[in-house]
Amino acid sequence: ETGVTQTPRHLVMGMTNKKSLKCEQHLGHNAMYWYKQSAKKPLELMFVYNFKEQTENNSVPSRFSPECPNSSHLFLHLHTLQPEDSALYLCASSQDLGRNYGYTFGSGTRLTVV
Amino acid sequence: RKEVEQDPGPFNVPEGATVAFNCTYSNSASQSFFWYRQDCRKEPKLLMSVYSSGNEDGRFTAQLNRASQYISLLIRDSKLSDSATYLCVVNKTCTNAGKSTFGDGTTLTVKP
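The rules behind these values
- Residues numbered from 1 in each chain as written.
- Chains lettered and ligands numbered in written order.
- Predicted model: local features only at pLDDT ≥ 70, side-chain atom pairs only at ≥ 80, totals over all residues.
- Heavy atoms only, no water.
- Pairing = 2+ DSSP bridges.
- Helix = DSSP H or I, 4+ residues; strand = E, 2+ residues; numbered from the N terminus.
- Axes fitted to C-alpha atoms, helices over the stretch in contact; angles between N-to-C directions.
- 1 Å grid on protein atoms, 1.4 Å probe; cavity = no way out; pocket = protein on both sides within 12 Å on 5 of 7 lines; lining within 4 Å.
- Points joined across faces, edges and corners; volume = space filled by probe spheres on them.
- Nonpolar A, V, L, I, M, F, W, Y, C, P; charged D, E, K, R; others polar.

A.B. asks: If you had to explain the sheet that holds strand β3 (residues 18-25) of chain A to someone new, which residues and values would you point to?
C.D. replies: Residues and elements named next belong to chain A. Here we have four strands laid out as an open sheet, ordered β1-β3-β8-β7, and antiparallel in their pairing. The sheet is open, and its two edges are formed by β1 (4-7) and β7 (64-70), each paired on a single side. Averaged over all pairs of adjacent strands, the angle between strand axes in this sheet comes to 15°, irrespective of strand direction. In the sheet, β7 pairs with strand β8 (residues 73-79) via five bridges, with the strands oriented antiparallel. Each bridged residue has a counterpart across the sheet, and for Phe64 the counterpart in β8 is Leu78.

Rendered as structure tokens:
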């Protein structure tokens, strides 16, 4: 496999459920990111990891819990979500945190909270 | 004022037309700039970086004007397949490496 792979592609969960989103990159990149894209809103940065260390938490509620076991894998653990958390969750990677590196995005997980 | 503002659009143009999008940014210390393309219900994909000297990739030309704090994307000879939302992305200073700010996007529809 190549690029950035996200699973699942679609997820419907109740507000009391616990689920996890998975992201894997095969590009040898060192930095990984979680972004949220809601309807009619720009992409919002959630978390940044560099060499599997978290470098940024953009004031994300604790019901979203990231995990980065190594530079190739990134998880987003979800629990007690709200309907307004329904959105497209995008994982991305870049070579490094250097300012000249663009992102490679995964296909995203479209999450619906009911 | 938003950190990154794009032309609101939408842009509806005929095939073969030339279309240009502008994007302004508020932080004068911003270091790097990109254009991404996002198709409906798909992930954003990097279209091109924007360099101070301007850069061209086939029908696409990107330019940066640091004095006026804007970047632009010019598409010549539009194709139907160019229909998408174009996202302007600005990276902040070295101390905030990794924190990119995305614009709201400008939607382009190319019609036959």
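A.B. asks: Describe the layout of surface pockets, listing the residues and the values that go with them.
C.D. replies: Within this model, the largest pocket holds a volume of roughly 650 Å³. Along the wall of the largest pocket there are 22 residues; nearest its centre are Gln37(A), Lys40(A), Gln38(B), Thr85(B) and Thr107(B). Every element with two or more residues in the lining of the largest pocket is listed here: β9 (87-94) of chain A together with β9 (84-91) of chain B. By residue class, the composition of the lining of the largest pocket is eight nonpolar, seven polar and seven charged. Approximately 290 Å³ is the volume found for the second largest pocket. Every residue lining the second largest pocket is counted, 14 residues in all, and those nearest its centre are Leu43(A), Glu44(A), Glu3(B), Thr101(B) and Phe102(B).

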